[in-house]
Amino acid sequence: LCFFQLYGYCYQDSNDIPDTLTTITELGSPLEMIQLLQTSWEDRFRICLSLVRLLHYLAHSPLGSVTLLDFRPRQFVIVDGELKVTDLDDASVEESSCTSNSDCFMEFPARNFTLPCSVEGRCQNMNEKRNLYNAYRFFFTYLLPHSAPSSLKPLLDKIVNATGNHNKYVICTEYLALVLSPSPSVNSEFTQKCVKSANTQYRRVPEAFIPDENYRCWPSYHHKGCLLSVFDVNEAIEICDSYSQCKAFVLTNQTTWTGRQLVFFKMASNHIVPDPDKITYVKVTD
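Residues numbered from 1 in each chain as written. Predicted model: local features only at pLDDT ≥ 70, side-chain atom pairs only at ≥ 80, totals over all residues. Heavy atoms only, no water.

The name given to the protein in an unreviewed UniProt entry is PKDCC kinase, and the organism recorded there is Peucedramus taeniatus.

(A) Highlighting the packing of aromatic side chains. What the rule picks out here adds up to 13 aromatic pairs. On the numbers, 6.3 Å between centres and 75 degrees between planes, the contact of F71 with F139 is edge-to-face. A residue pair is termed long-range when its members are at least 10 positions apart, and F71 in the loop between β4 (67–68) and β5 (76–79) and F139 in helix α3 (residues 126–143) qualify at 68 residues. The same class applies to F71 and to F139, which are both buried. Plain terms: the ring middles of F209 and F264 are 6.0 Å apart, the flat faces sit at 70 degrees to each other, and that makes the pair edge-to-face. In this pair, F209 is assigned in strand β10 (residues 201–209) and F264 in strand β13 (residues 261–266), connecting sequence segments 55 residues apart. Taken together through their ring pairs, the aromatic side chains of F108, F113, Y133 and Y136 make up a single cluster. Its end group placed over the ring of F209, K278 keeps NZ or CZ at 5.1 Å from the ring centre. (Phe/Tyr/Trp six-rings, centres within 6.5 Å; stacked < 30°, edge-to-face > 60°. Helix = DSSP H or I, 4+ residues; strand = E, 2+ residues; numbered from the N terminus. Buried < 20%, exposed > 50% of the residue type's maximum accessible area, 1.4 Å probe, protein only. Lys NZ or Arg CZ within 6 Å of the ring centre and 35° of its normal.)

(B) The sheet that holds strand β3 (residues 29–30), seen in detail. In spatial order, the strands read β3-β5-β6; together these 3 strands make up an open sheet with antiparallel pairing. Either end of the sheet is taken by a strand with one partner, and the two such strands are β3 and β6 (82–85). Two strands pair when backbone bridges link them, and β5 and β6 are joined in this way by 4 bridges, in the antiparallel orientation. Within β6, the residue paired with F76 across the bridge is V85. Where helix α2 (residues 41–59) meets the sheet, it contacts β5 and β6, and its direction lies at approximately 40 degrees from that of β6. (Pairing = 2+ DSSP bridges. Contact = heavy atoms within 4.5 Å. Axes fitted to C-alpha atoms, helices over the stretch in contact; angles between N-to-C directions.)

Okay, structure coming up:
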């Protein structure tokens, strides 16, 4: 669900505090953009995916097309990695009336748009396009391209550019929901361009783990080490080759929400211990 869940409420009218309404809702974390930019791309991808679901619902709600007039990060919270709306005070189902295209003028800090006026005297899709542009300027432009997988960057650039340009409005919320879905075809694109290094060889050590020899990298799922997600061994090799301090990596049996495998990258392999749930790859040096 795209909205904050209300579990219950209590209405109390007392002499001290008249007309008191107490609500019980699910627990969420405030959305802090700086903190989000420090998380992995997959976590930010998940937030954008939940935002796409929200855009689709707002455009096709039972009440008609709904716009959030105050579409800002402070109106959202994070619940179990998903983005949810907490404040609907500024929601509106009214499409602006018009007599000409000039009446359908949308003004934003960075740019302005003029939409067509329909024969019914309503600005066409103004609610949906206002939501989409606000999603672009507050969320997509920061969360999607930043440290994204190289194989997805052309597609993500297309999405960000299209959502930010209403004069060339070619991507609707249904298309966004399709291309940003965690399907196997999209997941495979994470590593379409990953290839084994022709100059580096790795020795495979099954059922083994390197407990120490950590170094920090960004973004990492572990604050004291370099723990990243990969599609397969080929991508892990490419990542290890890209770090000068990386001399080995360990495949774990843990996966992210998209099914990518978590891998520890290590700066040495001096101390290897048995572990039935892990596989270690050690860089072979001359």
